[in-house]
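Letter by letter, the chains look like this.
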Amino acid sequence: QVQLVESGGGLVQAGDSLRLSCAASGRSFSAAVMGWFRQTPGKEREFVALIGWSGDSTYYADSVRGRFTISRDNANTMYLQLNSLKPEDTAVYYCARYRGGSYKYSSSYDFWGQGTQVTVSS
């Protein structure tokens with residue numbers, strides 16, 4: 001069993017930065033591939049970024065590549081650094097554990113956090 005808790009969201013202006021955290025419980029975190037998704041009302045959850053268990057492999061959605069950075073430490077925490085934020089980045093951001101299949105689909109993840117709201121004003 002894995003429990004995930006996101007934090008770090010907030011209200012910022014366009015061009016600002018935020019750092020999201022995902023704290024995980026459970027001994028399996030260190031061996032888990034983890035991802036970030038985001039969702040706006042009425043839309044499907046959208047893949048944002050993925051990081052391998054060692055932190056060496058990362059993948060990003062085209063919409064965030066070059067602005068967002070995914071990372072993880074050895075203390076059961078994963079991060080998402082959001083730079084040069086745009087109003088279209090406004091969403092609830094979720095972290096999740098990857099279980100297999102295409103990493104771009106939410107169905108490929110089994111454990112999810114409750115989400116943290118990011119709102120970017122223009």
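Look above for the structure.
Bear in mind that the values here come from a model prediction, so they are computed numbers and not experimental data.

Thresholds applied
- Residues numbered from 1 in each chain as written.
- Predicted model: local features only at pLDDT ≥ 70, side-chain atom pairs only at ≥ 80, totals over all residues.
- Heavy atoms only, no water.
- Helix = DSSP H or I, 4+ residues; strand = E, 2+ residues; numbered from the N terminus.
- Rg over C-alpha atoms; globule rule 2.2 N^0.38 Å.
- Buried < 20%, exposed > 50% of the residue type's maximum accessible area, 1.4 Å probe, protein only.
- Contact = heavy atoms within 4.5 Å.
- Areas by Shrake-Rupley, 256 points an atom, 1.4 Å probe, with all protein chains shown as cover.
- Lys, Arg positive; Asp, Glu negative; His and termini not counted.
- Charge placed at Lys NZ, Arg CZ, Asp CG, Glu CD.
- Core = buried A, V, L, I, M, F, W, Y, C linked by side-chain atoms within 4.5 Å.
- Pairing = 2+ DSSP bridges.
- Axes fitted to C-alpha atoms, helices over the stretch in contact; angles between N-to-C directions.
- Phe/Tyr/Trp six-rings, centres within 6.5 Å; stacked < 30°, edge-to-face > 60°.

Asks: Help me understand the overall build of the chain in this model?
Replies: Helix and strand content of the chain: zero helices and eleven strands. Traced from its N-terminal end to its C-terminal end, the chain shows the element sequence β-β-β-β-β-β-β-β-β-β-β. For the chain, the C-alpha radius of gyration of 13 Å lies close to 14 Å, the compact-globule estimate for 122 residues. Taken along the three principal axes of its C-alpha coordinates, the chain extends 40 × 30 × 25 Å. A buried classification covers 40% of the 122 residues belonging to the chain. Considering only intrachain contacts with a sequence separation of at least 6, the fraction spanning at least 24 residues in the chain is 55%. A total accessible area of about 6,400 Å² is found for the chain, and carbon and sulfur atoms account for 46% of it. Within the chain, the 10 negative side-chain charges are centred at a point lying 4 Å from the centre of the 12 positive side-chain charges.

Asks: Would you mind going over the nonpolar core with me for this structure?
Replies: Inside soluble globular proteins, nonpolar side chains tend to come together where they are buried. Trp36, Met78, Leu80 and Tyr93 are the most contacted members of the largest nonpolar core, which totals 33 residues. When residues of this core are traced back to their parent elements, those giving at least two are strand S3 (18-25), strand S4 (34-39), strand S5 (46-51), strand S7 (68-72), strand S8 (77-82), strand S9 (91-98) and strand S11 (116-121). In terms of residues, this core owes the most to one element, S5, which gives five residues. With residues up to four places along the chain from it excluded, the contact list for Leu80 reads Leu18, Arg19, Leu20, Trp36, Val48, Ala49, Phe68, Thr69, Ile70 and Tyr93.

Asks: What should I look at first to understand the sheet that holds S7 in this one?
Replies: Two pairing modes exist for strands in a sheet, parallel and antiparallel, and in both the strands are linked by backbone hydrogen bonds. Taken together, four strands build an open sheet; the order of strands is S1-S3-S8-S7 and the sheet is antiparallel. Taken across any chain shown, the strands that pair with only one partner, and hence form the sheet edges, are strand S1 (3-7) and S7. The mean inter-strand angle of the sheet, taken between neighbouring strand axes irrespective of direction, is 15°. Alignment of S7 against S8, held across five bridges, turns out to be antiparallel. Its bridge partner being in S8, Phe68 is matched across the sheet by Leu82.

Asks: I would appreciate a short explanation of the side chain of Ser21 in the present structure.
Replies: Looking at where Ser21 falls in the secondary structure, it is placed in strand S3. Ignoring sequence-local partners within four residues, the contact set of Ser21 consists of Val5, Glu6, Ser7, Trp36, Thr77, Met78 and Tyr79.

Asks: Quick question: what am I supposed to make of the packing of aromatic side chains here?
Replies: Any pair of aromatic rings gets described here by the distance separating the centres and the angle formed by the planes. For the coordinates displayed, the defined rule picks out eight aromatic pairs. For the pair Phe37 and Phe47, a centre-to-centre distance of 5.8 Å together with 75° between the ring planes defines the contact as edge-to-face. With Phe37 in strand S4 and Phe47 in strand S5, this pair connects stretches of sequence that are ten residues apart. Judged by its relative accessible area of 7%, Phe47 falls in the buried class. Centroid distance Tyr98 to Tyr109: 5.6 Å. Interplanar angle 65°. Geometry classified as edge-to-face. Here Tyr109 lies in strand S10 (residues 109-112) and Tyr98 lies in strand S9, a separation of eleven residues in the sequence.

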